[in-house]
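# Structure at a glance
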Amino acid sequence: MICYMLVLGIEMDPYVLLKAPTRDAKVAYAGMLSTFILACSITPLLNYTGKFKINFTLTLSTALSSTASPVLTRIITSCKIGKSDIGRLVIAAGMHSDFISTLLISIGYIVYPIREKPSGKSRIQEVVEMSSALVLQTVITAKVSPIIMNWVNNENPEGKPIKGSHLVLSVAFMGLVCSCSPAYGYSPMLSAFMAGIFLPSKGRVSKYVISKVNYLLTTIFYPIFFIWMGFEADFREFEPGQIGTWARLFLLFVIATVGKVTGTVISGLLLGFHWPESVALGLLLSVKGHYQIYLAIAANTAGTTSTTTSIVLVIAVFFTVVYIPSVVSHIIKRARKRAPTHRMALEWLDPSKELRLMLCVHGPQNVPAAINFIEISRGTTDPGIEVYVTDMIELTDKIAATLVQVDGVDNMRVTDQSVIDMREEITTAVQDYEDMNGDGVTIRRMLALSTFNAMPHDICNLAEELVAALIILPFHKTQRPDGTLDAGHSGFRYVNRKVLRDAPCSVGILVDRGLGLMERISRLHVSPNIAVIFIGGKDDREALAYAGRVARHPGVKLTVIRFLVETSLENASRRTGNYRVNVAEQEEEMKIDDECFAQFYERQVAGGHVAYVEKHLANSSETYSTLTSLEGQYALIIVGRGGRANSVLTMGMNDWQQCPELGPIGDVLSGSDFSMKTSVLIIQQHNVKGELDGLDDDFSIM
């Protein structure tokens, strides 16, 4: 606990007491004051110690009005709301509350010390000695520690190991100042806290001590702490049959929560918060932790309370933590309702904003196709396109052995020569393209170096950080010299399927069968014939949105092929035995499809930029025949994956798919029976999850 309290103190800033209260400080003070008043009014009536003791009442009231800031910070960070305005506010308010309450207990210990044995000195003599020692410790720490710590920090700059003698000197100084007041009867634990708050919180030494002590606490102290707590909480002495036991437990929980909520609601009214957020603040700030548990057990050890009362206090502490995930879930739910829609997909992308693509490659063999893909996707110079060319490299034991830790954001560097050579070859190729055809095109290099199990997660996180609207993944099969596709790499197939499921934006899988072999596409002459197939559904609308960008390239001939169901069979298709569909949903989807296609037709086809072909089909058999008739006509065919949307034109095609991740149409076009010279791009639109997509980590709700 001495180590715990030292680190807690180092992370506190005592000089906030000399500044005007900030918004988070006002919230903390209001919650503390209301809880303290409520606790002082009720706890004397509950007979916790057999008879009224003012020192116990004041200590208990202060502990109930406090907040376990390390526990609260850990929970808020784990729930991923630490970057939001309410997350930052509650963490700062928790720090204020923890600091003030622990400071009050530290000062109150001088007047009402907890001792197992009497010291033999008069009360006045004890107070004078402890006060003098604490003041001396505080003055030495505040005046001398910055000089010593700054000297050590200057002698040991970042990037170099700390000299052993300097580290020993720093730790010895901390130990010395922490032991001043305990020599005169003051609590060693509270002395460590009082010394910690005046030690510099910045600098290498402080960061080193905090990191090492926290590691020690996590790996050793906390397990032992809870074992000790269970050992001291002897349930054989617990009195479950007494109604007073449960009354004390219930009222402790009520005081801790209602007091905090009352204070935060009042402060929220003055500060202009919405009342649901004020209530959530109060519930979050009522969290208790290790220090409050220690006080409960220490009171029992010193004979101040009974075992039953200590167990009740410990159980009440646990109850203040269990509901926190529900509170955070409610905060996120409200934030999603109020957040603007921010869907990462091409269909919803503002045309005036730059398109961001994450283009993944397995190696240099994917680069020619990648460059031609960038060229046809570039659109207009303004707003342009930003492409993040990302190398997908499996982290093997051999490569892992070559990783070197460096400073900076990317703290690991690969020194494996084969990886370096491969990345340089890719970089040179894309850089040459950007230099020659760079108007409106910005290319950046990224790296996804992971095991196949972790790579999908890394790619999704990277795409989210880059705010990419589309991820392009290479197909796991590659083309042989004779034109056929090989068996493929099962690891990359696993990555593709996982990314399709979890991606934060739209995803495309590029089956390269000649796109990289053709002459580099340019704007000076017509090169490839490209087609987009539109049947219906959100994935096909996304494919159409991408095709709209391809249509802006003067060196491309684009044809849009729309598959329509025969009018006489349209109603019958809804009554097919194995084809279950909600008619209202289907009609709504068809309405959206028609509106989307009408806009595309008006902008592209009517202006003569894009050729248009209609195919009226009756069933999936005719769909298959029509697809095979396209063989050899186009260099690239763009299709939607299809998702789970059923259509009479694709019904039954799922039953014999070789690669379900490509969808029914994409699977046919990339199959071994189709053209050896036609590449295929299969696009899946971002799957919107939750009430509203696009709730960023730094959302605002206050």
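The name an unreviewed UniProt entry assigns to the chain is Cation/H(+) antiporter 28-like isoform X2, from the organism Juglans regia. Among the UniProt annotations of the chain, the heading Subcellular location (unreviewed entry) holds the following wording: "Membrane". According to UniProt, the comment filed for the chain under the heading Sequence similarities (unreviewed entry) is "Belongs to the monovalent cation:proton antiporter 2 (CPA2) transporter (TC 2.A.37) family. CHX (TC 2.A.37.4) subfamily."

### Focus on the UniProt feature "transmembrane region" (unreviewed entry) in the chain
The positions UniProt marks with the feature "transmembrane region" (unreviewed entry) are residues 27-46, 58-77, 89-112, 172-201, 213-231, 251-272 and 311-332. Secondary structure over residues 89-112 splits into 96% helix and 0% strand, and the C-alpha atoms at its two ends are 34 Å apart.

### Description of the pattern of salt bridges
Here the structure, examined in full by the defined rule, presents 12 salt bridges. Close ionic contact of Asp-391 with Arg-445 constitutes a salt bridge, the shortest N to O distance being 2.7 Å. In this pair, Asp-391 sits in strand S2 (residues 385-394) while Arg-445 sits in strand S5 (residues 441-450), placing the two residues 54 residues apart along the sequence. Note that Asp-502 is salt-bridged to Arg-501, the shortest N-O span being 3.2 Å. Given a relative accessible area of 34%, Asp-502 falls into the partly exposed group.

### Thoughts on the nonpolar core
Formed by 103 residues in total, the largest nonpolar core has its most connected members in Ile-471, Ile-533, Tyr-546 and Ile-638. Examining the composition of this core, we find that 7 residues originate from one element, helix H15 (residues 367-377), more than from any other. Setting aside chain neighbours within four positions, we find Ile-638 in contact with Ile-530, Ala-531, Val-532, Ile-533, Ala-543, Tyr-546, Val-550, Leu-681 and Ile-683. If you look at the next biggest cluster of nonpolar residues, it comprises 64 residues, including Phe-173, Phe-193, Leu-217 and Ala-316.

### Digging into the sheet that holds S5
Read across the sheet, 10 strands follow the order S5-S2-S1-S6-S7-S12-S11-S8-S9-S10 without closing on themselves; strand pairing throughout is mixed. Among the strands making up the open sheet, the edge pair consists of S5 and strand S10 (610-617). Across the sheet, the mean angle separating the axes of adjacent strands is 20° when strand polarity is ignored. Sheet topology places strand S8 (residues 529-534) next to strand S9 (residues 557-565); 6 bridges connect them, and they run parallel.

### Considerations on the packing of aromatic side chains
Any aromatic ring pair is given by two values, namely how distant the centres are and how the planes are angled relative to each other. According to the stated counting rule, one finds 15 aromatic pairs in the structure shown. Judged by centre distance (5.4 Å) and plane angle (85°), the rings of Phe-225 and Phe-226 are edge-to-face. Look at Phe-225 and you get buried, because its relative accessible area is 4%. Taken together, a centroid distance of 5.3 Å and an interplanar angle of 40° make the contact between Phe-534 and Phe-597 tilted. Linking Phe-534 in strand S8 with Phe-597 in helix H22 (residues 583-605), this pair joins segments that are 63 residues apart in sequence. Each member of the pair Phe-534 and Phe-597 is classed as buried. Connected via pairs of aromatic rings, a cluster forms that spans Phe-221, Tyr-222, Phe-225, Phe-226, Trp-228 and Tyr-294. Above the face of the Phe-597 ring, Arg-562 is positioned so that its terminal group lies 4.5 Å from the ring centre.

### Quick look at the environment of Thr-427
Locating Thr-427 in the fold gives a position in helix H17 (residues 417-436). The partly exposed category is assigned to Thr-427, whose relative accessible area is 29%. Counting along the chain gives 17 residues from Thr-427 to Arg-444, while the straight-line C-alpha distance between them is 9.1 Å. There is a polar contact of 2.7 Å between the side chain of Thr-427 and the backbone oxygen of Arg-423. Here Arg-445 takes part through its side chain, which lies 2.8 Å from a polar atom of the side chain of Thr-427.

### What to know about the pairing of strand S11 (residues 636-640)
Of all 5 residues that make up S11, 5 are buried, and the element is covered over most of its length. Side-chain alternation along S11 places Leu-636, Ile-638 and Gly-640 on one buried face and Ile-637 and Val-639 on a second face that is also buried. Direction of pairing for S8 relative to S11: parallel, over a ladder of 3 bridges. Looking at S11, one finds that Ala-531 is bridged to Ile-637. Bridging between S11 and strand S12 (residues 679-684) involves 5 bridges; their strand directions are parallel. What sits directly across from Leu-636, in S12, is Ser-679.

### Focus: unusual backbone geometry
In this structure, Val-467 is a non-glycine residue whose phi angle is positive, near 55°. Looking at where Val-467 falls in the secondary structure, it is placed in the loop between helix H18 (455-466) and strand S6 (470-474). With a relative accessible area of 37%, Val-467 lands in the partly exposed category.

### What to know about helix H3 (residues 54-64)
Among the residues of H3, Phe-56, Thr-57, Leu-60, Ser-61, Thr-62, Ala-63 and Leu-64 are the ones counted as buried. Residues of H3 that are buried in the fold lie against helix H2 (23-42), helix H5 (85-111), helix H10 (243-271), helix H12 (290-301) and helix H13 (307-322).

Rules and cut-offs
Residues numbered from 1 in each chain as written. Predicted model: local features only at pLDDT ≥ 70, side-chain atom pairs only at ≥ 80, totals over all residues. Heavy atoms only, no water. UniProt positions renumbered as here; feature names shortened; annotations may be inferred. Helix = DSSP H or I, 4+ residues; strand = E, 2+ residues; numbered from the N terminus. Salt bridge = Lys/Arg side-chain N within 4 Å of Asp/Glu carboxyl O. Buried < 20%, exposed > 50% of the residue type's maximum accessible area, 1.4 Å probe, protein only. Core = buried A, V, L, I, M, F, W, Y, C linked by side-chain atoms within 4.5 Å. Contact = heavy atoms within 4.5 Å. Pairing = 2+ DSSP bridges. Axes fitted to C-alpha atoms, helices over the stretch in contact; angles between N-to-C directions. Phe/Tyr/Trp six-rings, centres within 6.5 Å; stacked < 30°, edge-to-face > 60°. Lys NZ or Arg CZ within 6 Å of the ring centre and 35° of its normal. Polar contact = N/O pair within 3.5 Å; in protein donor to acceptor, adjacent residues only side chain to side chain.

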